[in-house]
Amino acid sequence: MPQQHSFTVRSQGGILRALQTSCGIAEAFDPVGTPAAQHPQFKQFQAIWDTGATGSVITQNVVDACTLKPISMTQVHGVDSSNLSEVYLVNIMLPNNVGVRQVRVSKNRLINTDVLIGMDIITLGDFAVTHQGGNTVFSFCFPSQRCLDFVAEGQRSARANQPGFRGYTQPKQPKRHK
Amino acid sequence: MPSPLQQEFEYFLAHKPELLAKHNGKFVVIRDRQVIGVYDDELQAIAETQKSHELGTFLVQKVEPGDAGTSQTFHSRVAVLA
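The structure reproduced in this document is the subject of the present report.

So, how was this worked out
Residues numbered from 1 in each chain as written. Chains lettered and ligands numbered in written order. Predicted model: local features only at pLDDT ≥ 70, side-chain atom pairs only at ≥ 80, totals over all residues. Heavy atoms only, no water. Salt bridge = Lys/Arg side-chain N within 4 Å of Asp/Glu carboxyl O. Helix = DSSP H or I, 4+ residues; strand = E, 2+ residues; numbered from the N terminus. Buried < 20%, exposed > 50% of the residue type's maximum accessible area, 1.4 Å probe, protein only. Pairing = 2+ DSSP bridges. Axes fitted to C-alpha atoms, helices over the stretch in contact; angles between N-to-C directions. Contact = heavy atoms within 4.5 Å.

### Brief notes about the pattern of salt bridges
Thought 1: The full count for this structure, using the stated rule, is six salt bridges over all chains.
Thought 2: The partner of Glu86 of chain A in a salt bridge is Lys107 of chain A, with the nearest N and O atoms 3.4 Å apart. Of this pair, Glu86 of chain A sits in strand S6 (residues 82-94) while Lys107 of chain A sits in strand S7 (residues 98-107); the two residues are 21 residues apart in sequence, bridging distant segments of the chain.
Thought 3: Linking Glu42 of chain B and Arg104 of chain A is a salt bridge whose minimum nitrogen-to-oxygen distance equals 2.2 Å. Of the two residues, Glu42 of chain B is situated in helix H3 (residues 42-50) and Arg104 of chain A in strand S7; the pairing between them involves two chains.
Thought 4: According to the relative accessible area criterion, Arg104 of chain A is partly exposed, its value standing at 21%.

### Regarding the sheet that holds strand S2 (residues 34-39) of chain B
Residue and element names in this part refer to chain B.
Thought 1: Here we have three strands laid out as an open sheet, ordered S2-S1-S3, and antiparallel in their pairing. Because the sheet does not close on itself, it has two edges, and the strands there are S2 and strand S3 (59-62). Averaged over all pairs of adjacent strands, the angle between strand axes in this sheet comes to 30 degrees, irrespective of strand direction.
Thought 2: Pairing between strand S1 (residues 27-31) and S2: five bridges, direction antiparallel. Directly across from Ile30, in S2, lies its bridge partner Val35.
Thought 3: In the packing of H3 onto the sheet, the strands contacted are S1, S2 and S3, and the crossing angle to S2 comes to about 125 degrees.

### Considering unusual backbone geometry
Residues and elements named next belong to chain A.
Thought 1: Cis geometry is adopted by the peptide bond preceding Pro143, which originates at Phe142 and carries an omega value of 0 degrees.
Thought 2: Residue position: Pro143 is located in the loop between strand S11 (137-142) and helix H3 (150-160).
Thought 3: At Thr67, a position not held by glycine, the phi torsion is positive, near 45 degrees.
Thought 4: The topology assignment puts Thr67 in the loop between helix H1 (60-65) and strand S5 (72-77).
Thought 5: Owing to a relative accessible area of 59%, Thr67 belongs among the exposed residues under this scheme.

Listed below in structure tokens is the structure:
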């Protein structure tokens, strides 16, 4: 079974209006095939997690700080316009040393952040946002470990609350032959 | 200012049908509007091409059906398109 990598972000009391984490960016490298001493240094940035973005994005600030060079281009479609953007190949280090390698990210202008984590990364694993007691808890792990289904969970809970429910199905008594 | 890779990207899009027929699933390297390399792995494509050409002067693109590899969509307004 592959090793699980995960992290959890908890609000310091209250509801978070955006899912933000720190995030390290470095030019792409093979962490297994490259000696540790030759690994590029990760530069730290703030990232917003956005399920409305099909791919991840960096700003010119990240390109300059990490001295990245473009390897391709992509057609980017926004809410009310489209453009062509340069594409860079990077390794991304998420909180708790959760690393993702060889991610193709486009460059664009972002509001209040330098990195946008899109569905290309979110879909690598399980992504959960809960608000029990009015506090946001955001957790991510990869590879995927389970299926969260609140409907099925509710149905199981309803069945468990029915009178006479003992948490298991009563085995049928074998018929006795006279 | 247009990117130096724009002409290579336009070449890739214009020739995608024939690239798909020949190199589906591979990474092609395009420079000066011609394919100069075909590789199984993206990092290998970059490393090998960098031996003879400066990074940023060639395009590396996976050849695959559909437009998932050549387009991105943003449904929120965090990304501000220039």
